[in-house]
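Observations on the three-dimensional arrangement
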Amino acid sequence: MAFLSWACGMAVVAQDKCEANISADFVSQYIWRGQELGQVSVQPTLGVGYKGFSLSAWGSVGLSQHEDAKEIDLTLSYTTGGFSAGVTDYWTDEAGPRYFLYDAHRTNHVFEAFAGYDFGVAAVTWYTNFAGADGTRSDGSRAYSSYLELSAPFSLAGLEWSAGVGVVPYSTTLYDTDGFAVTHLGLTATKDVQVTDKFTLPLFASVLANPRTRNAYLVVGFTLRP
């Protein structure tokens, strides 16, 4: 679960040669697809990419609230041109600290498949949960919870921006929806701040809203990378 749902914080852009990536985001609040999942958090990323394939680990740990859930997400994806597809294993410790528990009725892992296309001026991605601790429909059956995301980058006034919208197409307890709902509206601005001749600090700020719950958030943060 990336703090900005349209940003690939969990993924590593795959290259023709094997490359590795390590970074950490520090955020004032953890918001994912319109849901508030934590307060001040550190969110590290570690991954490798090779010839279109990438494997990455993304996590989140609360710094200001001890009760915030700890999270580990593993993503395997493939990218060619503007097309990308993959699977993600989400895990949090909300139901207990046992990571290696995959029992169908007790696991706290959620498995999601996704596919999308980046047109340059805009990108669209569809996500669907296919196994694990998914949400349910109103009749109690598995929801196969899905999420559609649209985003568009642009430059303005010396900053890099991204505008995004996310919708849940049908009922699921995972997103607390009883049908089609817009659960995410977001606008993020990013700027690289030159701290020294050899060190640049990327800063970002986001205005986020969930029309479904009528909540809004202002999130700020920065990224550390080698």
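A brief structural summary. Being a predicted model, the structure only gives us computed values, none of them experimental. (Residues numbered from 1 in each chain as written. Predicted model: local features only at pLDDT ≥ 70, side-chain atom pairs only at ≥ 80, totals over all residues. Heavy atoms only, no water.)

Focus: unusual backbone geometry
Located in the positive-phi region is A157, a residue other than glycine, with phi close to 55°. Locating A157 in the fold gives a position in the loop between β10 (146-156) and β11 (159-168). At D176, a position not held by glycine, the phi torsion is positive, near 55°. Of note, D176 is situated in the loop between β11 and β12 (181-194). (Helix = DSSP H or I, 4+ residues; strand = E, 2+ residues; numbered from the N terminus.)

Observations concerning the pairing of strand β5 (residues 53-62)
In the sheet, strand β4 (residues 41-50) pairs with β5 via eight bridges, with the strands oriented antiparallel. Each residue of the ladder has a partner; that of V42, found in β5, is V61. The turn joining β4 and β5, which pair antiparallel and follow one another in sequence, is formed by two residues; a positive phi near 50° is taken by K51. Looking at chain direction, β5 and strand β6 (residues 71-80) are connected through eight bridges and run antiparallel. Note on β6: the bridge partner recorded for W58 is D73. (Pairing = 2+ DSSP bridges.)

Some points on a nonpolar patch on the surface
Among the surface-exposed residues, V48, L55, L76, V87, F130 and Y144 lie close enough to one another that they form a single nonpolar patch of about 530 Å² accessible area. Checked against the element boundaries, L76 lands in strand β6. On the basis of relative accessibility, which here comes to 46%, the residue L76 falls in the partly exposed class. (Patch = residues over 30% accessible without salt bridge, like charges linked within 9 Å, V, L, I, M, F, W, Y side chains within 5 Å. Areas by Shrake-Rupley, 256 points an atom, 1.4 Å probe, with all protein chains shown as cover. Salt bridge = Lys/Arg side-chain N within 4 Å of Asp/Glu carboxyl O. Buried < 20%, exposed > 50% of the residue type's maximum accessible area, 1.4 Å probe, protein only.)

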